[in-house]
Amino acid sequence: MAIVGKHKLTTTERGYGWTWQKVRRVVLAREPLCRFCKEAGKMTVADEVDHIDGNSFNNERENLRPLCPPCHLKRTARDQAFGKHQWRPEWLRPSTIPLVIVCGAPASGKSTYAKEHAGPRDLVIDLDVIACSLSGQSLHGWDRAKWLTPAIRARNEMLGDISRPTARWPRAWLIVSEARADNRQWWADTMKPERIVVMETKPAECMARVRADTTRPRESTFEAIGKWWSAYERREGDEVVR
Ligand SMILES: [Zn+2]
């Protein structure tokens, strides 16, 4: 599922990494022709692998189908109109209460920062916490294939809540990874936060924390940390924490 448009998601956010490349090769070896074209009676070599349910973390065999690039594009455009995975929902409005957005790589200390600075009645919006409470699984080990879509939906509802005039929290804290400057700019323009804080915790330090924490999946988190740092750009106006 290629995402087009000006607010492109990073490959890590979409769940694509080196393991994905392996999965993709296996699918294409098993079924080399575009499934849509084949159904329409045409033989076209498939070049891409599509997630049927739109969840790029669900790599179950029956959720994957090979497509040619034109068919994939058509199907992705339809999906985006349908709005399955809204990391940055277009309908979001500025927050009516003071909002701080905390960004950074996995294990960079975003949640700890929010916890240390938030007041007792503040609202903290953290996808891991939401998924953990929805699924009953661990904070960092929840099954993304199953819980990502409902967790994002619940998070977006909370973001909707803080943009209503009826919002009563003294302050909200939103935790998102957002390595790219243009993506943080999108949040700045859309939600009008009072501050955006970026945790510039060095990759070695993040990785050491992951090693010390048995609840975090190691390889995928290391990979996500590397991806975050390779995509990271500073943005004027962000507050950097080192
Ligand atoms: Zn096709």
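Residues numbered from 1 in each chain as written. Predicted model: local features only at pLDDT ≥ 70, side-chain atom pairs only at ≥ 80, totals over all residues. Heavy atoms only, no water.

A.B. asks: Account for the packing of helix 9 (residues 203–212) against helix 10 (residues 218–231), with residues named and values stated.
C.D. replies: Two numbers describe how helix 9 lies on helix 10: the axes approach to 10 Å, and their chain directions differ by 165°. Comparing the axis directions of helix 9 and helix 10 gives the class roughly antiparallel. As helix 9 runs across helix 10, the sense of the crossing is right-handed. Where helix 9 approaches helix 10, its residues Pro203, Cys206, Met207, Val210 and Arg211 are matched on the opposing element by Arg218, Thr221, Phe222, Ile225 and Trp229. (Axes fitted to C-alpha atoms, helices over the stretch in contact; angles between N-to-C directions. Helix = DSSP H or I, 4+ residues; strand = E, 2+ residues; numbered from the N terminus. Parallel < 35°, antiparallel > 145°, perpendicular 65-115°, else oblique. Left-handed = near helix turned anticlockwise from the far one by under 90°. Contact = heavy atoms within 4.5 Å.)

A.B. asks: Give a description of helix 6 (residues 127–135) that names residues and reports values.
C.D. replies: Looking at helix 6, one finds that the buried residues are Leu127, Ile130, Ala131 and Ser135. Considered in projection along helix 6, the buried side chains sweep an arc of 115° and stay on one side of the axis. Those residues of helix 6 hidden inside the fold are in contact with strand 4 (123–126) and helix 7 (144–161). A distance of 3.0 Å separates the backbone nitrogen of Asp128 from a side-chain oxygen at the start of helix 6, and that oxygen is part of Asp126. Gly136 occupies a position one or two residues after helix 6 and carries a positive phi of about 75°. (Buried < 20%, exposed > 50% of the residue type's maximum accessible area, 1.4 Å probe, protein only. Arc of directions from axis to C-beta. Polar contact = N/O pair within 3.5 Å; in protein donor to acceptor, adjacent residues only side chain to side chain.)

A.B. asks: Go over the coordination of the zinc ion, please, and point to the residues and values.
C.D. replies: Reference values for angles at a metal are 109.5 degrees in the four-donor tetrahedral case and 90 or 180 degrees in the six-donor octahedral case. Donor atoms from the polypeptide that bind the zinc ion are Cys34 (SG), Cys37 (SG), Cys68 (SG) and Cys71 (SG), placed at 2.2 to 2.4 Å. One can describe the site at the zinc ion as tetrahedral: its 4 donor atoms subtend angles covering 101 to 117° at the metal. Mapped onto the sequence, the donors of the zinc ion take the spacing C-x2-C-x30-C-x2-C. Taken as a pair, Cys34 in the loop between helix 2 (18–30) and helix 3 (35–39) and Cys68 in the loop between strand 2 (64–67) and helix 4 (69–82) lie far apart in primary sequence, 34 residues in all. When sorted by exposure, Cys34 lands in the same class as Cys68, which is buried. (Donors = N, O, S within 2.8 Å, 3.2 Å for Na, K, Ca; no water. Tetrahedral: all angles 85-135°; square planar, octahedral: opposite > 155°, others 65-115°.)

A.B. asks: Explain the pairing of strand 6 (residues 195–199) residue by residue, including any values.
C.D. replies: Across the 5 residues that make up strand 6, a large majority, 4, are buried. In this structure, strand 6 lies alongside strand 7 (residues 239–241), joined through 3 bridges in parallel fashion. Looking across to strand 7, one finds that Met199 is bridged to Val241. (Pairing = 2+ DSSP bridges.)

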